[in-house]
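Summary of structural features
Here is what each chain is made of, one letter per residue.
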Amino acid sequence: MAEYKSDLLIIGSGPAGYTAGIYAARAGVKSLIVAGAQKGGQLIKSSEVENFPGFTEVISGYDLMHRIHKQAMNLGVHLIDDEITEVDFYDHPFVCSSASGNSFMSKSIIIATGASVNWLGLPSERKYIGHGVSSCATCDGFFYKGKEVAVVGGGNSALEQALYLTNYVEKVYLIHRRHSFNAEHALQKRLFENRKITIFWNNVVDEIVGTEEPLEVTGIRIRNVKSDKKKFLDVAGVFVAIGHHPNTEMFRRYLQLDAGGYIITKPKSNATDIKGVYAAGDVCNPYRQAIIAAGCGARAALEAIREL
Ligand code: NDP
């Protein structure tokens, strides 16, 4: 058990957290990033990034975060592989404690804890998570080589995952509950042109079916919400890509959250209602864009540095 003292504590190590760390290090502020359960954040699992400025070729999320990590290390950012599990914003300096039993005392804090995936909420989904049900095509797509799989959702994540999976699988069934996607035009165009993908519009998943020993998915029951027509699809894997929620539960008792659970920051600022506490990235906006998160991280750090 260790006790860390810093002027600026950054919770989370996605693009927002790292960028905040880089700005703090360059300003000579005594700062610390606590990486969280998934160092590098959600981008680590992203297959292709082609909208982060500065890269002429498509770069994987993993490579992008690896470069950002290296840049941060070169600049002397201090990063700890631990996860903050409790915060106390009532007293100042603020005190946080971690999963490893460490305590962190800091004059200011940037919350950059990102977002987590949403699940459908079916009992059969819970049963097969990790055994055929996944939220990450980049992580698990390889295991379905030559098989048929389903992707659920109609946003950028679902379309990206469906397209990525066609590198491995024979067939992707894309199940979407409406008759249009809310994904980028470029992704939709690529999807419609891909012969390995069949779209089931206006359909929802009622049940994920599989075996007991070994625990393996063998299919899904889907239902058309307009006609009530039911269908069984033989698939070996189901990729759920139906959006995300911000990781803000730990802060709920201290900070104002909006209806979506995002931390409310002051207008044109990353400051929260508590002096010395800032929020940056997917915890305070729903865009899930690395560049926006990085920009937020920079602004939060500049605001924190100015106040120190
Ligand atoms: P979105 O919120 O954009 O889309 C979620 C999709 O899932 C919608 O089609 C929604 O349908 C559907 N959905 C939600 N709940 C359910 C449910 N219970 N059952 C069935 N379907 C459901 O989430 P994404 O994760 O796709 O994207 C989030 C943000 O991240 C967006 O801002 C997106 O632009 C961004 N993003 C950007 C990427 C990039 O730039 N390359 C890559 C990935 C994400 P409905 O439309 O009916 O609500």
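It should be noted that the structure appears before, not after, this text.
Scope of this entry: the structure provided in the associated data block. (Residues numbered from 1 in each chain as written. Predicted model: local features only at pLDDT ≥ 70, side-chain atom pairs only at ≥ 80, totals over all residues. Heavy atoms only, no water.)

**Here's the deal with the packing of aromatic side chains**
Each pair of aromatic rings is reported with the distance of its centres and the angle of its planes. Considering all chains together, one arrives at 13 aromatic pairs under this definition. Their ring planes at 55° and their centres at 6.2 Å tell us that Phe52 and Phe55 sit as a pair that is tilted. Relative accessible area serves as the criterion here: at 26%, Phe55 is assigned to the partly exposed category. Here the aromatic rings of Phe89 and Phe94 are separated by 5.5 Å at their centres, their planes lie at 75°, and the arrangement is edge-to-face. Grouping residues by exposure puts Phe89 and Phe94 together as buried. Three or more aromatic residues joined by ring pairs make a cluster, and in this case those are Phe89, Tyr90, Phe94, Phe251 and Tyr254. (Phe/Tyr/Trp six-rings, centres within 6.5 Å; stacked < 30°, edge-to-face > 60°. Buried < 20%, exposed > 50% of the residue type's maximum accessible area, 1.4 Å probe, protein only.)

**Quick word on helix H5 (residues 156–165)**
Counting buried residues in H5 gives 7 out of 10 residues, a clear majority hidden from the surface. Taken residue by residue, H5 has Ala158, Leu159, Gln161, Ala162, Leu163, Tyr164 and Leu165 as its buried positions. (Helix = DSSP H or I, 4+ residues; strand = E, 2+ residues; numbered from the N terminus.)

**Thoughts on the state of the cysteines**
A complete count under the given rule lists 1 disulfide for this structure. With its sulfur 2.0 Å from that of its partner, Cys136 forms a disulfide with Cys139. The sign of the S-S torsion, about 75°, decides the handedness of the disulfide formed by Cys136 and Cys139: right-handed. Judged by its relative accessible area of 5%, Cys136 falls in the buried class. The structure places no disulfide on Cys96, whose sulfur is separated from the nearest cysteine sulfur, that of Cys284, by 17 Å. Residue Cys96 is classed as buried on the basis of its relative accessible area, which comes to 0%. The closest cysteine sulfur to the non-disulfide-bonded Cys284 is located on Cys296, 4.7 Å from its own sulfur. With a relative accessible area of 17%, Cys284 lands in the buried category. (Disulfide = S-S within 2.5 Å.)

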